[in-house]
Amino acid sequence: MRHVHSLALAGAAAVLALTLAGCGGDAADEAGASGSGDTGPIAITATDNSCEVAKKQLAAGTSNFKIANNGTKVTEVYVYAPGDKIVTERENIGPGTSADLTVQLNAGKYQIACKPGMVGNGIRQDITVSGQANHAAADPRLGKALTDYKAYVNAQVDDTIAKTKEFVAAVKADDIAKAKELYAPSRVGWERVEPVAESFGDLDPRVDAREADLEEGAKWTGWHRLEKALWKTKSLKGQEQYADQLVKDLDELKAKELYAPSRVGWERVEPVAES
């Protein structure tokens, strides 16, 4: 489900590296002005049963967090916008270790979640961000790079939907050999943009959860359910509903306003912009 940065992000990073070359100290100077955020670091202390955030009223802009895992389990920390939209995350923080997390936040309500054992909805703390962010996204060269990234993501989603419909048609026709042939190609575009899709609540788990990843009582849908039917049970009987649901979920991904460079794209490429 979750991956470190995909080819999509690598492409966006390359574009940004070129567009930001020669910017000099302008972006840094702007960051020191009003709306530069909380440079911190702001302490987040995680244990097996608590998640303490040292500061819960933040200024819009860039915020830097220092995460300390004082528990006995590997943990991860998420920043959620309303609707459980993932703004950013830091995974695989071992017991007794620390990690840094930098995020660009506009004014609004958010939640910081620590997830001991890297499961469940996490132990959450509410934070409030106020003011007006002032960051390098105002640079027209950065805006062009993010617009290009938006176009890339849209193209990958369109390709995924088209190839998944072919895969689903084979599943519904009970053509196991053809469905096996089309399974991997249907996933290529998804893998390239999954870090963006993960920003939207349970959409990624509905599409790409493996059986072992399911929480108790959760319904299993998506590619991997069909994969099990193809290669393990070797029967597509009763799988039509899951095939149709996969296309429906991908159509929902396309319908969401997730490609706007003013928000999601910025969060994904901010480490490059900060350079």
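Structure: see above.
Residue numbers run consecutively from 1 along every chain, following the written order of its sequence. Since the coordinates come from a predicted model, pLDDT governs what is reported: local features require at least 70, and pairs of side-chain atoms require 80 or more to be given and counted, while whole-chain, interface and lining totals use all residues. Heavy atoms from the whole structure form the basis of all side-chain values; hydrogens and water molecules are not counted.

Caption draft 1: Main features of the packing of aromatic side chains. For Phe, Tyr and Trp, where Trp contributes only its six-membered ring, two rings pair if their centres lie within 6.5 Å, and the inter-plane angle classes them as stacked under 30 degrees, edge-to-face over 60, or tilted in between. With the rule as written, the count across this model stands at four aromatic pairs. Between Trp 190 and Trp 223 the ring centres are 5.8 Å apart and the planes differ by 55°, which places this aromatic pair in the tilted class. Of this pair, Trp 190 sits in helix α4 (residues 176–197) while Trp 223 sits in helix α6 (residues 223–233), placing them 33 residues apart in sequence. In this structure, Trp 190 and Trp 223 share a single accessibility class: buried. We note Arg 187 situated over the ring of Trp 223; from NZ or CZ to the ring centre the distance is 5.1 Å. Geometry around Tyr 242 places Arg 225 over its ring, the cationic atom sitting 3.8 Å from the centre. Think of it this way: any DSSP run of H or I at least four residues long counts as a helix, any run of E at least two long counts as a strand, and we number them from the N terminus. Accessibility here uses a 1.4 Å probe with only protein chains present; expressed as a share of the type maximum, an area under 20% marks a residue as buried, one over 50% as exposed, and anything in between as partly exposed. A positively charged side chain is recorded as over a ring if its NZ (Lys) or CZ (Arg) lies within 6 Å of the ring centre. The angle to the ring normal must also be within 35 degrees.

Caption draft 2: Main features of the nonpolar core. Within the largest apolar cluster, 28 residues are counted, with the highest numbers of intra-cluster contacts made by Phe 167 and Trp 223. Elements represented by at least two residues in this core include exactly α3 (140–172), α4, α5 (203–208), α6 and α7 (240–255). No other element matches α3, which puts eight residues into this core. Contact criterion: two residues are considered in contact whenever any of their non-hydrogen atoms come within 4.5 Å of each other. Beyond its immediate chain neighbours, meaning those up to four positions away, Phe 167 contacts Ala 179, Leu 182, Tyr 183, Ser 186, Trp 223, Leu 226, Leu 230 and Leu 246. Nine residue types can take part in a nonpolar core, namely buried Ala, Val, Leu, Ile, Met, Phe, Trp, Tyr and Cys, and a core is a set of them joined through side-chain atoms within 4.5 Å. With 24 residues, the next largest nonpolar core counts Ala 46, Val 77, Leu 101 and Tyr 110 among its residues.

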